[in-house]
Amino acid sequence: MTVRGIVVCLPDASLDDYVGVVEVLIQEGFTRFALPATAEALRDVTTIFGSRATFGALRVSSSTHVHLAADAGAAFVFSDVADSDVADAADERGVECFGSAMTPREVRGALQLSNGALLHPADVVGHAMAARLRELGLADRVIPLGGIGAYAAGEWFKAGAPAVGIDHTLLGDAFDGGSLSQLRERCTSFIALERRIVEERNSLT
């Protein structure tokens, strides 16, 4: 599994909005992003920033979405379903696939099809689920996404999650005309967390 650390999950937006926000986020230290598979600007964003960051696609629900994402340069897909058609298309195109799951049973089902499981929306079950999945030996292949703040992200990483998807808790109103300076300020706790996790994991290897 190559998807590691914090993945910033972006909403559908115009290319101009993406350029401004993604540039700030890369400057602050983020290197992994996911955009909606159907976003018109996905290909342009990966072209502009592909040498500085890794991009994937989210809101994937069909093999067609997988092919759209792969054609645009996506390296991974976060799927809204745990579906063999989606997983097979991802395998065919050489992109990592994370199928949707909410319960331990669903996680196991997603893992039978995909590279990993996407637990979304993670704020519904809370970060206490992280410890439970660790007990079951599943946490190291689960990526939580949805409403996760820096503290909760840290709990998921402690449990062994390879990556955590971060959305509005970091982005705030950045795509609605909000201050990019305030976006930079919100980056601090997340970047500090990721650096600490990287250091801890490097010390174990």
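Scroll up to find the structure this text is about.
What you see is a predicted model; the values in this text were computed from it and never measured. (Residues numbered from 1 in each chain as written. Predicted model: local features only at pLDDT ≥ 70, side-chain atom pairs only at ≥ 80, totals over all residues. Heavy atoms only, no water.)

Examining helix α7 (residues 128-135)
Inclusion rule: Exposure is judged per residue with a 1.4 Å probe applied to protein chains only, and the accessible area is read against the type maximum: over 50% gives exposed, under 20% gives buried, and values in between give partly exposed. Numbering of helices and strands runs from the N terminus; a helix is a DSSP stretch of H or I covering at least four residues, while a strand is a stretch of E covering at least two. It is the directions from the helix axis to the C-beta atoms that the arc portrays. Between two residues, a contact is recorded if the distance between any of their heavy atoms is within 4.5 Å.
For α7, the set of buried residues is Met 129, Ala 130 and Leu 133. Along α7, the residues classed as buried sweep out an arc of 105 degrees about the axis, all on the same side. Seen from the open side of α7, the exposed residues pointing more than 90 degrees away from its buried face are Ala 128, Arg 134 and Glu 135. Looking at the packing, one finds that the buried side of α7 touches α5 (104-113), β6 (116-119), α6 (122-125), β7 (142-144) and α8 (150-159). Two residues or fewer past α7, Gly 137 is found with a positive phi of approximately 75 degrees.

A closer look at the pairing of strand β5 (residues 96-101)
Definition in use: By the convention used here, strands pair only if DSSP detects at least 2 bridges between them. By convention, orient the strands away from the viewer: a clockwise path from the first strand over the helix to the second makes the crossover right-handed.
Among the six residues of β5, five are classified as buried, and the element is accordingly described as predominantly covered. In terms of strand pairing, strand β4 (residues 76-79) meets β5 through three bridges, oriented parallel. From the neighbouring strand, Phe 78 faces β5, where its bridge partner is Phe 98. Read from β4 through helix α4 (residues 84-93) to β5, the crossover connection turns out right-handed.

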